[in-house]
Amino acid sequence: MCGIFAYTGKGKKDAGKVLLDGLLSLEYRGYDSAGIFTPESGAVKTPGAVKELRKKVSKDFSGKSGIAHLRWATHGEPTAKNAHPHSDCGGELWLVHNGIIENFKELKEKLAKLGHTFRSDSDTEVLAHLVEEYLGKTRDFEKAALKALNDVRGTYGIALQYKGEPDKLIAARMGSPIVIGLGNGEHFIASDPSPILPHTKKVVFLEDGEVAVLTPQKHVIRKLDSSQVRRNATEIEWSAEQAQKGGYEHFMLKEIMEGPEVIENTLRGRLLPSKGDVKLGGLESVAKKLAKIERIIIVACGTAYYAGLVGEYMLEEHAGIPVEVELGSEFRYRHPVLNERTAVLAISQSGETLDTLEAVREGKRRGALTLGIVNTVGSTIARETDAGVYNHAGPEIGVASTKAFVSQLTALALLTIFLGRQRGMSPKEGKRIARELAALPKKLQAILDRHGDIEKLAKQYGFARDFLYLGRRYNLPVAFEGALKLKEISYVHAEGCGAGEMKHGPIAMIDERFPTVALAPMDSMYEKMISNIHEIKARRGPVIVVATEGDKEVGKLVEDVLYVPKTIEMLEPILNVVPLQLFAYYFARAKGLNVDRPRNLAKSVTVE
Ligand code: M6R
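Residue numbering note: each chain is counted from 1, following its sequence as written. For a predicted model such as this one, the threshold for reporting local features is a pLDDT of at least 70, and the threshold for listing and counting side-chain atom pairs is 80 or more; totals across whole chains, interfaces and linings nevertheless cover every residue. Only hydrogens and water are removed before side-chain values are computed, so all heavy atoms of the structure are retained for them.

## Overview of empty space enclosed by the protein
1) Next: Cavities and pockets were defined on a 1 Å grid built over protein atoms only: a cavity is a set of grid points that admits a 1.4 Å probe from which the probe cannot escape, a pocket is an open set flanked by protein on both sides within 12 Å along at least five of seven lines, and lining residues are those with an atom within 4 Å of any such point. Grid points are joined across faces, edges and corners, and a volume is the space filled by probe spheres set on the points. Applying the stated rule across the entire model yields two cavities of 30 Å³ or more.
2) Next: Within this model, the largest cavity holds a volume of roughly 60 Å³.
3) Next: C2, R71, W72, A73, T74, H75, H84, H97, G99, D123 and T124 are the residues that line the largest cavity.
4) Next: Along the lines of polarity and charge, the residues of the lining of the largest cavity split into three nonpolar, six polar and two charged.
5) Next: For the second largest cavity, the calculated volume is near 50 Å³. Polar here means any residue outside two lists: the nonpolar Ala, Val, Leu, Ile, Met, Phe, Trp, Tyr, Cys and Pro, and the charged Asp, Glu, Lys and Arg; Gly therefore counts as polar.

## Considering the site of the ligand
1) Next: Summary of the distance rule: residues count as near a molecule or strand when at least one heavy atom falls within 4 Å of that molecule or strand. Near the ligand there are 13 residues, and of these S348, Q349, S350, T353 and E488 occur at the shortest range.
2) Next: Contact distances for the ligand include 2.5 Å between an oxygen atom and a side-chain N or O atom of T353.
3) Next: At a separation of 2.8 Å, an oxygen atom of the ligand approaches a polar backbone atom of S401.
4) Next: Contact with the protein chains covers 91% of the free accessible surface of the ligand, which is 410 Å².
5) Next: A run of H or I in DSSP becomes a helix once it reaches four residues, and a run of E becomes a strand once it reaches two; helices and strands are each numbered from the N terminus. Counting only elements with at least two residues in the shell around the ligand, the list comes to α10 (302-319) and α17 (476-490).
6) Next: Tallied by class, the residues present in the shell around the ligand amount to four nonpolar, seven polar and two charged. Two N or O atoms form a polar contact when they lie within 3.5 Å of each other; inside protein one atom must be a possible hydrogen donor and the other a possible acceptor, and for residues adjacent in sequence the pair counts only when both atoms belong to side chains. Per-residue accessibility takes into account occlusion by the displayed protein chains alone, with areas from the Shrake-Rupley method and a 1.4 Å probe.

## A short note on the sheet that holds strand β9 (residues 179-182)
1) Next: Pairing within the open sheet is antiparallel, and its eight strands lie in the order β3-β2-β4-β1-β10-β9-β11-β15. Pairing within the sheet leaves two strands with one partner each, and these edge strands are β3 (42-47) and β15 (234-235).
2) Next: The rule for pairing is simple: two strands pair if DSSP sees at least two bridges between them. Pairing of strand β1 (residues 3-8) with strand β10 (residues 187-190), which is carried by four bridges, proceeds in the antiparallel orientation. Bridging across to β10, Y7 finds its partner in F188.

## Details of the side chain of H116
1) Next: Position of H116 relative to the elements: it lies in the loop between α3 (104-113) and α4 (124-138).
2) Next: Among the polar contacts made by the side chain of H116, one reaches the side chain of E133 at a distance of 2.5 Å.
3) Next: Between two residues, a contact is recorded if the distance between any of their heavy atoms is within 4.5 Å. Discounting residues that sit within four places of it in the chain, H116 has contacts with C89, L111, H129, E132 and E133.

## Some remarks on the sheet that holds strand β22 (residues 387-390)
1) Next: Strand order in the open sheet formed by five strands is β19-β18-β20-β21-β22, and the pairing between neighbours is parallel. For this open sheet the edge positions go to β19 (323-327) and β22, each flanked by a neighbour on one side alone. Across the sheet, the mean angle from the axis of one strand to that of its neighbour is 20°, orientation sign disregarded.
2) Next: Sheet topology note: the strand β20 (residues 342-348)/strand β21 (residues 369-374) ladder contains six bridges and is parallel. Bridge pairing links A343 to L369 in β21.
3) Next: Of the strands in this sheet, β18 (295-300), β19 and β20 touch α10, which is tilted by about 175° from β19.
4) Next: With respect to the sheet, helix α14 (residues 403-422) is in contact with β18, β20, β21 and β22, its orientation differing from that of β20 by roughly 160°. The convention used is that axes are lines fitted to C-alpha atoms, helices contributing only their stretch in contact, and that angles between N-to-C directions extend from 0 to 180 degrees.

## Regarding the pairing of strand β24 (residues 493-498)
1) Next: Sheet topology note: the strand β23 (residues 466-471)/β24 ladder contains six bridges and is parallel. In the strand pairing of β24, L470 is matched with C497.
2) Next: Here a crossover is taken to be right-handed if, once the strands point away from the viewer, the path from the first strand over the helix to the second is traced clockwise. As a crossover connection, the stretch from β23 through α17 into β24 is right-handed.

## Quick look at unusual backbone geometry
The phi angle of most residues is negative, glycine excepted, and most peptide bonds adopt the trans form.
1) Next: With an omega of -5°, the peptide bond running from H84 to P85 counts as cis.
2) Next: Phi at K10 is positive, roughly 50°, even though this residue is not glycine.
3) Next: Tracing the chain through its elements places K10 in the loop between β1 and α1 (15-24).
4) Next: In this structure K10 comes out as exposed when scored by relative accessible area, which is 57%. Exposure is judged per residue with a 1.4 Å probe applied to protein chains only, and the accessible area is read against the type maximum: over 50% gives exposed, under 20% gives buried, and values in between give partly exposed.

## Observations regarding the packing of α17 against helix α20 (residues 572-590)
Packed helix pairs are specified by the crossing angle of their axes together with the interaxial distance, meaning the distance between the axes.
1) Next: In contact at an axis separation of 9 Å, α17 and α20 are set at 20° when each is read in the N-to-C sense. The pairing of α17 with α20 is recorded here as roughly parallel in orientation. The interaxial crossing formed by α17 with α20 has right-handed handedness. Residues V478, E481, G482, K485, L486, I489 and S490 of α17 form the contact with α20, whose own contacting residues are P573, N576, V577, L580, Q581, F583, A584, Y585, F587 and A588.
2) Next: When grouped by side-chain class, the residues that make up the contact of α17 with α20 number eleven nonpolar, four polar and two charged. When an angle is under 35 degrees it counts as roughly parallel; over 145 it counts as roughly antiparallel; between 65 and 115 it counts as roughly perpendicular; any other value is oblique. Handedness of a crossing is defined here by the sense of rotation of the near helix relative to the far one, left-handed for an anticlockwise turn of less than a right angle and right-handed for a clockwise turn.

## Section: the pattern of salt bridges
1) Next: Put simply, a salt bridge is a Lys or Arg side-chain nitrogen that is within 4 Å of an Asp or Glu carboxyl oxygen. In total, this model carries 36 salt bridges according to the counting rule given.
2) Next: Between R589 and E249 there is a salt bridge, and its shortest N-O distance comes to 2.5 Å. Within this pair, whereas R589 is found in helix α20, its partner E249 is found in the loop between α6 (240-243) and α7 (251-257), the two being separated by 340 residues in sequence.
3) Next: Classification of R589 by relative accessible area gives partly exposed; the value is 24%.
4) Next: In this structure, R361 and E384 form a salt bridge, with 2.7 Å as the shortest nitrogen-oxygen distance. Taken together, the residues span a long stretch of sequence, with R361 in helix α12 (residues 354-365) and E384 in helix α13 (residues 380-384) at a distance of 23 residues.
5) Next: R361 sits in the partly exposed class, given a relative accessible area of 27%.
6) Next: By relative accessible area, E384 is classed as partly exposed at 25%.
7) Next: Linked through salt bridges whose partners overlap, the residues forming this network are R295, E324, E326 and R334.

## Let's talk about the environment of G11
1) Next: Within the secondary structure layout, G11 lies in the loop between β1 and α1.
2) Next: Overall, the relative accessible area of 42% leaves G11 in the partly exposed class.
3) Next: Along the primary structure G11 and S65 are separated by 54 residues, whereas in three dimensions their C-alpha atoms are 7.6 Å apart.

Next up, the structure:
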């Protein structure tokens, strides 16, 4: 989820300034390294985001055209060496890229044999050398770019520049967004319209498999087979400020809405549906050790801890491994008994949460194998664990974690298949889970499409000062997470509780002003949940139920039902949490609160 921005205007504006200003509005897309290139001033690259890049760029850095990038690392550590733009051997061709070149290893080997020298660990650099190779043969920049793109597998949004034709930019899209800005005597390329909007509201969105050639005066769009495409420009209605959030009012809402894409990204290249298995490259080095592991201890904080609780159910039921889940902040103080047959699995979006990191270190000290499910590439937890699975959820900016939770659960389901198949899970069972995982993005989209109903409901409950969230089995951690979401952004008290526990205390709170959110999908716990809902109704407590589409009975019992599509029980949390995230969002919005910056909270907690 990197951000790219490029400009050509034959001196109409200073490319250096245009690009540096534009990168600021793309910062949400990646901030672990940044870089800029103009043919006049060359390339400047640095770890960190735009602030660091500004410090490194000299005062006289300028140009008539150029390309720039903010990186959210996937291949290679976030260092200056791996930052974009990347170039060919001779420093003639420069490239910024968002996506993953899946066949980069094989291309790199081929190109190395042909004499190309690589300077980074990045998959992107390969593409610059590939264009160089074809440029040597064709002597035609556009043809060389097209040929190279035809050799590439994977996802990309790119902007490419050649010193030999400095006014010309080439953009291409396959899976990663690219917008072309149409100015007067100038053109722009960006990952989203936000950096373009201060200059023009006229844009063209590239489709997958399209390549655009831009000069200050002209833009031509072709398909990969070189046939020309005609596309009308779109007039963007957003203000420049709104567009920083991709048109959403808040990062939180944008990130909830990204759910289907996030699941796809976490699954990409990992599911082997025909074998009922998964390929987790990050675990290959420890696969043999994992086959002998007798116990897993999941360590995490906050939302990631609740993801871990769901993981406990998944791994015990389907992979047959004993699992415990520990708060990062408690683990190292209780003198845990571990050995080399124990795996300590850290779950963390940021990869920097101190308590989780210290739990990993404690696990290491006591001889356990350490693993991570981490979203931020190159983060401390990712580096310090022995092996792991990256979420590939893209940068999460909203302080309330939403899409990271969805991707953590997806990664845990992949891990369940991986460890399960090592321990006798049948191919049939593996296939069943894989099939259901692959179907999740569409089902999640169906929930998001009904966000208007959830907004109405949230407004209707604006009177409440307390909420009880109830669930059982897989949906108990979802109840905890739903309550956390509500309290952290609306400052209204909310408590998650096992529905079976309710009668041991919490039910005393129920009256007509104390609503309950009950997770009651049609699964093995359905009848018990329905009984618990009856108990609350009998005490005049208002109830909102998250139920399975097609459940006619629940609608007779309560007025407010949020329906979600059916899936298998172990995957229910991935869908069920989303209406609760939306409910919390709209509830806090109705109170006029800034949901992206909740009081007293920070995105990454690096103190105890
Ligand atoms: O970056 P991490 O996943 O390690 O962060 C853990 C918690 O700090 C985080 O999930 C926190 O609870 C969120 N604000 C919840 O929305």
